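Structural overview
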2 protein chains.
Amino acid sequence: MLDQVPTLAQLIKTLQQIPYLASKSIYRLATHFLEMDEQHLEHLCAVLLKAKQQVLRCETCFVWKEKDRACSFCDAPKRNQKLVCVVETWQELLTVEKTGGYDGLYHVLGGVICPLEGVGPEQLTIDALIKRVDEKGITEIILATNQTPEGEATASYIAHKLKGKMITISCLARGVPVGSTLEFMDKLTVYKALSERRPF
Amino acid sequence: MLDQVPTLAQLIKTLQQIPYLASKSIYRLATHFLEMDEQHLEHLCAVLLKAKQQVLRCETCFVWKEKDRACSFCDAPKRNQKLVCVVETWQELLTVEKTGGYDGLYHVLGGVICPLEGVGPEQLTIDALIKRVDEKGITEIILATNQTPEGEATASYIAHKLKGKMITISCLARGVPVGSTLEFMDKLTVYKALSERRPF
C-alpha cells in the first residue's frame, strides 16, 4: 500500500533512520505526526533546528551548553574545580548529577573504546582530558565509565595515560546495589563486593 | 543542570510530548538530534512538513492518500468494490494488507468508542460508513475492530446501525487471541481470521 503514497513512505523511511524508536512504533508515530496540527509540527521542527544551532559542547568538558552562555560546570565558582568525574555520555552525567552528592566537574568521553565498531581513543575526548589535567591543576579524576568490557577497557586506557601525573585516580565503588537482596544478585557482583569489602 | 541550558530543556520537553517514545530514550534521542549534522536535521524537518501537507485522508475510506493522487483502494478497479473491511486505525489496515489475502476496500474508523476518553460515535467515521453503504452498493462489511471491550462495543454499535440493510455483516474468526491488538499480530493468524470470518 505504501508504494502508492510515496510521501508517506518517505516519512516512514526517515523515521526508521532515527535510533531508539521501536520499529513497531514507527507507523503509530507517523500517524501521530500526520494528525498533529500544522502549527505544532512547525513548532517541533523549529525547536529541533534551534537546538541544533544554539546548543553545543563546552570545549573543556564536552557537556552541552548554550552557545552564548558560560558552561554550567566549568564556569561555576561554587563547584570544586580540582575534581573531575569522567563519564561516557551526557545522559550518565545527568544520573550522577541527580544524586546531589557531587560538586566537582565532569568530562564527557563521547563513548567508549570499541575497535569492533571502529571507535578508537582518538574518536573520544581522551586527549583533551590529558591536556586538561596538565593545564587546569586537576587533583582527582573519578573514572565513572560503565562496568562493561568496553567501559572497563576505556577506564584502564585512561588510567594508563595518566600514569606518572601527580593526581589521584579513583573509580566508582562496586558492590551490592541499595535495596537489593543478596539472594537474587549475580555472582560476579557478589564476588566483587566480597573482594572489595570495606571496614564497617 | 538543564535549567542552565534552556534550549536543550525545551528540546527535551518537546520530545516528551511525542507519544510512543520511551521516557528513558528521550535524552538519548535529544543527544542524537544534537549530534546529527544540520543538513540531515533540516531534511528530517522538511520530510515531516511535506508529509503533513501532501498526505491526507481519502474522503471515502479515510485511508492516507497522496494529495494529488487517487486513493489506492477506492479508485482501484482490481479490488472488490462491494466488500469493506472496517478497521480502527491505518496501522491495522497495513497488517490486514500484509496477509495478501484480502482484495476488498477498507474503512478506517479513526479509533473506537470510549466514553471514558470522551470518544463517542460522532468522533469516528461511522456516519460516513453508513452513508457509504447506502450510496455505494456495498454487499458485505467485515468488522475487524480489535477484541478489546471498546473494539467489540464499537463493532456492536456499527452492526446495530446497519441493521435492516441488505448486507452481510461478518467479523474476524476467533482465531485471533483475545486481548491482543491486530497491529502486532502475526500475518498467518490474521490471514486465517480473515478467511474464516463468520456472520456477526
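Structure shown above.
Here we summarise the structure given alongside this text. Computed from a predicted model, the values in this text were never measured in an experiment. (Residues numbered from 1 in each chain as written. Chains lettered and ligands numbered in written order. Predicted model: local features only at pLDDT ≥ 70, side-chain atom pairs only at ≥ 80, totals over all residues. Heavy atoms only, no water.)

1. Focus: the interface of chain A and chain B
The interface is formed by 55 residues belonging to chain A together with 57 residues belonging to chain B. Both sides of the chain A and chain B interface together cover about 5,700 Å² of buried area, and 71% of this is carbon and sulfur. A per-residue breakdown of the area chain A buries against chain B is headed by M1, R28 and K52 of chain A, which together make up 13% of the total. The partner of R57 of chain B in a salt bridge is E35 of chain A, and the shortest N-O contact between them spans 2.4 Å. Applying the counting criterion to the chain A and chain B interface returns 13 residue pairs in polar contact (both at pLDDT 80 or more). Of all the secondary-structure elements, those providing two or more residues to the side of chain A that touches chain B are α1 (6-16), α2 (26-35), α3 (38-54), β1 (55-57), β2 (64-66) and α4 (90-98) of chain A. Ranked by residues supplied to the side of chain A that touches chain B, first place goes to α3 of chain A with 14 residues. When grouped by side-chain class, the residues that make up the side of chain A that touches chain B number 30 nonpolar, twelve polar and 13 charged. (Contact = heavy atoms within 4.5 Å. Buried area = accessible area lost by both parts, 1.4 Å probe. Salt bridge = Lys/Arg side-chain N within 4 Å of Asp/Glu carboxyl O. Polar contact = N/O pair within 3.5 Å; in protein donor to acceptor, adjacent residues only side chain to side chain. Helix = DSSP H or I, 4+ residues; strand = E, 2+ residues; numbered from the N terminus. Nonpolar A, V, L, I, M, F, W, Y, C, P; charged D, E, K, R; others polar.)

2. Some thoughts on the sheet that holds strand β5 (residues 140-143) of chain A
Residue and element names in this part refer to chain A. Within the open sheet, the four strands sit side by side as β4-β3-β5-β6. Their pairing is parallel. Every interior strand has two partners, whereas the edge strands, β4 (105-108) and β6 (168-171), have only one. Taking the axes of each pair of neighbouring strands and ignoring which way they run, one obtains an average angle of 25° across the sheet. Relative to β4, strand β3 (residues 83-87) is paired through four bridges, and the arrangement is parallel. By the bridge assignment for β4, V84 is matched with L105. Set on the sheet, helix α5 (residues 126-136) makes contact with β3, β4 and β5; between it and β4 the angle comes to about 150°. Along the sheet, helix α6 (residues 149-162) makes contact with β3, β5 and β6, crossing β5 at roughly 165°. (Pairing = 2+ DSSP bridges. Axes fitted to C-alpha atoms, helices over the stretch in contact; angles between N-to-C directions.)

3. Some remarks on α3 of chain A
Taking 1.5 Å per residue, 17 residues should reach 24 Å; α3 of chain A reaches 24 Å between its end C-alpha atoms and fits that length. Those residues of α3 of chain A that fall on the buried side of the exposure criterion are L41, L44, C45, V47, L48, A51 and K52 of chain A. Each buried residue of α3 of chain A lies within a common arc of 155° when the element is viewed along its axis, so the set occupies one face. Against α2 and β1 of chain A together with α1 (6-16), α2 (26-35) and α3 (38-54) of chain B lie the buried residues of α3 of chain A. (Expected span 1.5 Å × (residues − 1). Buried < 20%, exposed > 50% of the residue type's maximum accessible area, 1.4 Å probe, protein only. Arc of directions from axis to C-beta.)

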